[in-house]
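Structural overview
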Amino acid sequence: MATLKSFLTSKDYIQVKLKLTVTNHFELKATINGVEGQFILDTGASNTCIGTDKIDNFHLNFETSEIKAAGAGATEMETLISKNNIVELGQWKKHRQKIVLFDLVHVNQALINHDANPIDGIIGADLLKKGKAVIDYGKKEIYLKK
């Protein structure tokens, strides 16, 4: 009987390890424009996001956006948009990626209040769809199509 890993590997998927945090979120390392950071994997987030305080750190060019962000108890937050970014999750790479930028202070404060580490951003459903993601919750792994 084939394992999920062997099956997906045979279909050109790349495995990326996930870490389960004390807040029961999956966390992973992602490289944005050549800079590594800590991100939460959020299948319920429509877009991949980075905190506005990390704009310089990840070399993000941006413009104003009409998108209003909501989540984790906050609504109607102003956002910026950054286009043409390179996102890497392990060996998986996506060029020309759009990233929404908004204030993640409320998210990081909630994490800190629960003894978790702050994050740089959120990997959302936009990237998961592009990678045809398969999440193995039991093994704490995500697979993304090359």
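Higher on the page you've got the structure.
First, a word on what this report is: a plain description of the structure on this page. As the structure is a computational prediction, the values presented were derived from the model and not from experiment.

Quick notes on the overall build of the protein chain
- Summing up its helical and strand segments, the protein chain has three helices and eleven strands in all.
- In sequence order, the protein chain lays out its α and β elements as α-β-β-β-β-β-β-β-β-α-β-α-β-β.
- In terms of overall size, the protein chain behaves like a compact globule, its C-alpha atoms giving a radius of gyration of 15 Å where 146 residues would be expected to give roughly 15 Å.
- If one aligns the C-alpha atoms of the protein chain with their principal axes, the spans along those axes are about 50 × 35 × 25 Å.
- On the protein chain, roughly 8300 Å² of surface is accessible, and the fraction owed to carbon and sulfur atoms is 50%.
- With 19 positive and 17 negative side-chain charges, the protein chain shows a separation of 11 Å between the mean positions of the two kinds.

Topic: the sheet that holds strand β11 (residues 141-145)
- Spatial ordering of the open sheet is given by β1-β11-β10, a layout of three strands whose pairing is antiparallel. With partners counted over all chains shown, the strands left at the sheet margins are β1 (13-17) and β10 (134-136), one partner each. This sheet shows a mean twist of 25° between the axes of neighbouring strands, independent of strand direction.
- One ladder, built from three bridges, connects β10 with β11; its direction is antiparallel. The partner of Asp136 across the bridge, within β11, is Glu141.

A few points about the pattern of salt bridges
- Across all of its chains, the model carries four salt bridges by this definition.
- Glu27 serves as the salt-bridge partner of Lys19, at 4.0 Å between the closest nitrogen and oxygen.
- Overall, the relative accessible area of 7% leaves Glu27 in the buried class.
- Across the pair Glu63 and Lys83 runs a salt bridge whose closest N-O atoms are separated by 3.4 Å. Taken together, the residues span a long stretch of sequence, with Glu63 in strand β6 (residues 63-71) and Lys83 in strand β7 (residues 74-89) at a distance of 20 residues.

Focus: the side chain of Glu141
- Here Glu141 shows up in strand β11.
- Reaching out from Glu141, the side chain makes a polar contact with the side chain of Tyr143 at a distance of 2.7 Å.
- Setting aside residues up to four positions removed in sequence, Glu141 forms contacts with Gln15, Val16, Lys17, Leu18, Val134, Ile135 and Asp136.

A few points about unusual backbone geometry
- One non-glycine residue, His59, lies in positive phi territory at about 55°.
- The topology assignment puts His59 in the loop between β5 (49-51) and β6.
- Phi at Lys140 takes a positive value of approximately 55°, unusual for a residue other than glycine.
- Structurally, Lys140 is set in the loop between β10 and β11.
- According to the relative accessible area criterion, Lys140 is partly exposed, its value standing at 33%.

Structural notes on helix α2 (residues 105-113)
- Residues of α2 that are buried: Val107, Asn108 and Leu111. Buried residues of α2, seen end-on, are gathered within an arc of 95° and therefore sit on one face of the element. The exposed residues of α2 that point more than 90 degrees off its buried face are Val105 and Asn113.
- For α2, the elements touching its buried residues are β4 (35-41).
- Remark: Asp115 follows α2 within two positions and exhibits a positive phi of approximately 60°.

About the criteria used
- Here the residue numbering is sequential within each chain, running from 1 through the sequence in written order.
- Residue-level local features of this predicted model are given only where pLDDT is at least 70; pairs of side-chain atoms are given and counted only at 80 or more, and the full residue set underlies all totals for whole chains, interfaces and linings.
- Note that water and hydrogens are dropped before the side-chain values are worked out from all heavy atoms of the structure.
- Where helices and strands are cited, they refer to DSSP runs of H or I of at least four residues and of E of at least two residues respectively, numbered from the N terminus.
- The size measure is the radius of gyration over C-alpha atoms, and the globule rule it meets is 2.2 Å times the number of residues to the 0.38 power.
- Per-residue and other accessible areas follow the Shrake-Rupley method at a 1.4 Å probe size, with only the shown protein chains counted as cover for residues.
- For this count, His and the chain ends are skipped, Lys and Arg are scored as positive, and Asp and Glu as negative.
- A charged residue contributes its charge at one atom only: NZ of Lys, CZ of Arg, CG of Asp or CD of Glu.
- DSSP bridges decide pairing: two strands pair if at least two such bridges lie between them.
- Angles shown run from 0 to 180 degrees and are taken between the N-to-C directions of axes, each axis being a line fitted to C-alpha atoms and, for helices, limited to the stretch in contact.
- Definition used for salt bridges: Asp or Glu carboxyl oxygen within 4 Å of a side-chain nitrogen of Lys or Arg.
- Only protein chains enter the accessibility calculation, which uses a 1.4 Å probe. A residue is then buried if its area is under 20% of the maximum for its type, exposed if over 50%, and partly exposed in between.
- Identification of polar contacts relies on pairs of N or O atoms within 3.5 Å, with a donor-acceptor requirement for protein atoms, meaning one able to donate a hydrogen and the other able to accept it, and with residues adjacent in sequence counted only if both atoms are side-chain atoms.
- A contact between two residues is defined here by any heavy atoms of the two lying within 4.5 Å.
- This arc is built from the directions going out from the helix axis to the C-beta atoms.

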